[in-house]
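# Structure at a glance
Spelled out, the chains give:
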Amino acid sequence: MLWFPDKLLVVTVATKETDGYRRFLRTAKHFNYTVKVLGRGQKWKGGDYMSAPGGGQKVRLLNEGLKEMKDDHQIILFIDSYDVVFASGPKELLKKFQQAKHRVVFSSETLIWPDRHLEDKYPHVREGNRFLGSGGFIGYLPNIKELVANWTGDDGDSDQLFFTKIYTDQSKRKSINITLDNKCRLFQNLHGALDDVVLKFEDHQVRVRNVLYDTLPVIIHGNGPTKLQINYLGNYIPNTWTFESGCTVCREDLRSLSALQVLIGIFIQQPTPFVTVFFERLLKLQYPKNKLKLFIFNKIYCPVFCSPHITAKWADWSPDCDLCRRDQDCDYFFSLDIEVVLKNKDTLKILIEQNLPIVAPMITRAGRLWSNFWGALSGDGYYARSEDYVDIVQGRRVGVWNVPYVSNVYLVKAGLLQRELKDYELFSSSDPDMAFCHNIRNKGIFMYVTNMHTFGRILSTENYQTGHLHNDLWQIFENPVDWEERYIHENYTRIMKDKLIENPCPDVYWFPVFSSVACNHMIEEMEHYGKWSGGANVDNRIHGGYENVPTIDIHMTQINFEKDWQKFLVEYVVPITEKMFPGYYTKVRAHFELAFVVRYKPDEQPSLRPHHDASTFTVNIALNQVGLDYQGGGCRFLRYDCSIQAPRKGWALLHPGRLTHYHEGLPTTAGVRYIAVSFVDP
């Protein structure tokens, strides 16, 4: 009869539907267990036995629930639900129960709780766990009835102590015919056994393996302080994620994409680069604008600086979701830090579709293993690296992951804020993200991160300096990807593939390198600095103090930009140089001489006489547009009688500096012309 799963009934107590309870039911459904839930809708009076004994209410409810059951051949599996997952089905469970050769089998533990004084009363075992765990037991209906029949305790009394006293009483143990699952063949309690448990991936299946006893438990229980560990294991079992199939549940229970009201909370806590770009991207989110509300918490920029099209409120306000909590029309709260680079225009739609209580899009820091989630926590509640963290960050494991910590960007269901988290202070700490996640975990609410799509990255803000007009120009080292997107010409990466390099004169190469924004920022930065040279031969800024062919200019060194400019040359000019002049390898990586921005004006210095440059090769970038910003200008190479008279904004001229390329700057007849010049390898 043990081989017929229809004789097995899973009984659990759940007074409310939590995320853990829903996970339990999903795993039970996966294996076709029949589940009876007791206490639904009742108030929980069993105490918080995470920190103190409790759980008596479960015994009372079980005792009452068993009275209506009459089939003596029925087998009852009584287990917790909020922190339990099934790893296998009824057939394996019943087989292992039969092999135990007892009428009732309790789960076992390595630790005795709650009364250590009872240790001596426990039977000794040759091998395996010695102590009883009350979170799971299985047995025949008459024996289970006898087990709980004498319960007279209060709801807040300890179920663990009640069952322990029965088990340690030899006569009762023998009468009810109780044994323990000493080697965790049926039940695996995680508390005190975390080092004994590993995931076992094999043939489209994922199981938990107890390496100490070489067993594959059917039921996994995150008892006591192991809630995060059961959440981690629940990312994989039962077959939630496998190497062969990937995530098997990520497309379940999706929400239809009807337009829902979303409050976007933007948080600016420290000086951050590329703020303008952030808001440009925000405007491109693919979501009905009439369904979005915007709140900006800004400690830094306003009222000193605000883009005129941005509506913002400035107050000493704690970022605590209250606006969404108080707004009955609010369906979601989308928390977004200013340093997040949200590249995916469909991010909001993707997150809403997941239909999860709290979900974050995974973002990383370019070139690093840093991300906006933690896979595990240390003993003191800070970062610890889970076994799968690197694989998730690097995209070798793709799915939706239950994690203990998210930050920087996440979506929260408004229902949580308006019900489960009503009047709950989520961010009461000097570290709001830590406080938020701590409070959410304490409420038993699951947080998820998804890496099923590429969402973006996060900026580095640690070394952001704000002493310039356009501080983002100085971000080529800290945030190279964002610097490139902002300041490098959109066609630069197509130069070789689409043959965009032009050859207007012999050994003169012309190619796009700077964006229009880069050109504008360079000009504005130099004009803001304002200390233009007088164009005289005596120049104390250069070695020797004498300039043979002077210009009206400002050196990169004067604005502390020389290292950044050198990095720009190495990354974006050197590859072109070495392609166009094969066999020549520039020394710019190790040595850098002179770079400056030149200003040409009809009433100041309109042109430059013929000369050679003090360089092996010269880079000359046009910073503004002929015909729009100025008239005339250009460059003529006398040896070849070849001129470039219509320089394109953001395009660079690359040419040898000595011997062959004697050249002059043609007159600027109106307006102001700016060029950025670099003498490389003097």
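All of these numbers come straight from a predicted model, not from anything done at the bench.

## Brief notes about the pairing of strand β27 (residues 502-505)
- Relative to strand β28 (residues 508-512), β27 runs antiparallel, the two sharing 2 bridges. Across the sheet, glutamate 502 pairs through a bridge with tryptophan 510, a residue of β28.
- Hairpin remark: β27 followed by β28, antiparallel, with 2 residues in the connecting loop; positive phi at aspartate 507, about 55°.

## Side note on the sheet that holds strand β11 (residues 219-221)
- Pairing is mixed across the open sheet formed by 3 strands, whose spatial order is β4-β11-β8. Edge strands, defined here as strands with exactly one partner in the open sheet, are β4 (84-86) and β8 (187-189). Geometrically, the sheet is characterised by an average inter-axis angle of 15° between neighbouring strands, direction not taken into account.
- Sheet topology places β8 next to β11; 3 bridges connect them, and they run parallel. In the strand pairing of β11, phenylalanine 187 is matched with isoleucine 219.

## Looking at the packing of helix α2 (residues 56-66) against helix α5 (residues 159-168)
- Relative to each other, α2 and α5 sit at 65°, their axes nearing to 7 Å. Classified by the angle their axes make, α2 and α5 are roughly perpendicular. Together, Gly56, Lys58 and Val59 of α2 and Asp159, Phe162 and Phe163 of α5 make up the contact between the two elements.
- A per-class count over the contact of α2 with α5 returns 3 nonpolar, 1 polar and 2 charged.

## Quick notes on the sheet that holds strand β7 (residues 178-180)
- If you trace the 6 strands from one edge of the open sheet to the other, you get β2-β1-β3-β6-β5-β7, paired in mixed fashion. This sheet does not close on itself; its edge strands, each paired only once, are β2 (35-38) and β7. Taking each pair of neighbouring strands and ignoring which way they run, the sheet shows an average axis angle of 25°.
- As defined by bridge partners, strand β1 (residues 8-13) adjoins strand β3 (residues 75-79) across 4 bridges and the pair is classed as parallel. Its bridge partner lying in β3, leucine 8 is registered against isoleucine 75.
- Packed on one face of the sheet, α5 meets β5 (104-109), β6 (131-140) and β7 and runs near 70° to β6.

## A look at empty space enclosed by the protein
- Inspection of every chain in the model, using the stated rule, returns 5 cavities of 30 Å³ or more.
- Approximately 70 Å³ is the volume attributed to the second largest cavity.
- Trp510, Asn620, Ala622, Gly634, Cys635, Ile644, Pro647, Trp651, Leu653, Arg673 and Ile675 are the residues that line the second largest cavity.
- Secondary structure elements with two or more residues in the lining of the second largest cavity: β32 (617-622), β36 (651-656) and β39 (673-680).
- Here the lining of the second largest cavity is built from residues that sort into 8 nonpolar, 2 polar and 1 charged.

## Considerations on the domain arrangement of the chain
- For the chain, the assigned domains are domain 1 (5-225), domain 2 (262-458) and domain 3 (471-680).
- A straight line from the C-alpha centre of domain 1 to that of domain 2 covers 38 Å.
- Listed by partner, the interface residues are 4 residues for domain 1 and 6 residues for domain 2.
- Buried surface at the junction of domain 1 and domain 2, both sides included, amounts to about 370 Å², of which 49% is carbon and sulfur.
- Among the residues of domain 1 in contact with domain 2, Asp19, Arg23 and Phe201 are the three that bury the most area, contributing 79% of the side total.
- The tally of links between domain 1 and domain 2 comes to 0 salt bridges.

The rules behind the values
Residues numbered from 1 in each chain as written. Predicted model: local features only at pLDDT ≥ 70, side-chain atom pairs only at ≥ 80, totals over all residues. Heavy atoms only, no water. Pairing = 2+ DSSP bridges. Helix = DSSP H or I, 4+ residues; strand = E, 2+ residues; numbered from the N terminus. Axes fitted to C-alpha atoms, helices over the stretch in contact; angles between N-to-C directions. Parallel < 35°, antiparallel > 145°, perpendicular 65-115°, else oblique. Contact = heavy atoms within 4.5 Å. Nonpolar A, V, L, I, M, F, W, Y, C, P; charged D, E, K, R; others polar. 1 Å grid on protein atoms, 1.4 Å probe; cavity = no way out; pocket = protein on both sides within 12 Å on 5 of 7 lines; lining within 4 Å. Points joined across faces, edges and corners; volume = space filled by probe spheres on them. Domains from an automatic or database assignment. Buried area = accessible area lost by both parts, 1.4 Å probe. Salt bridge = Lys/Arg side-chain N within 4 Å of Asp/Glu carboxyl O.

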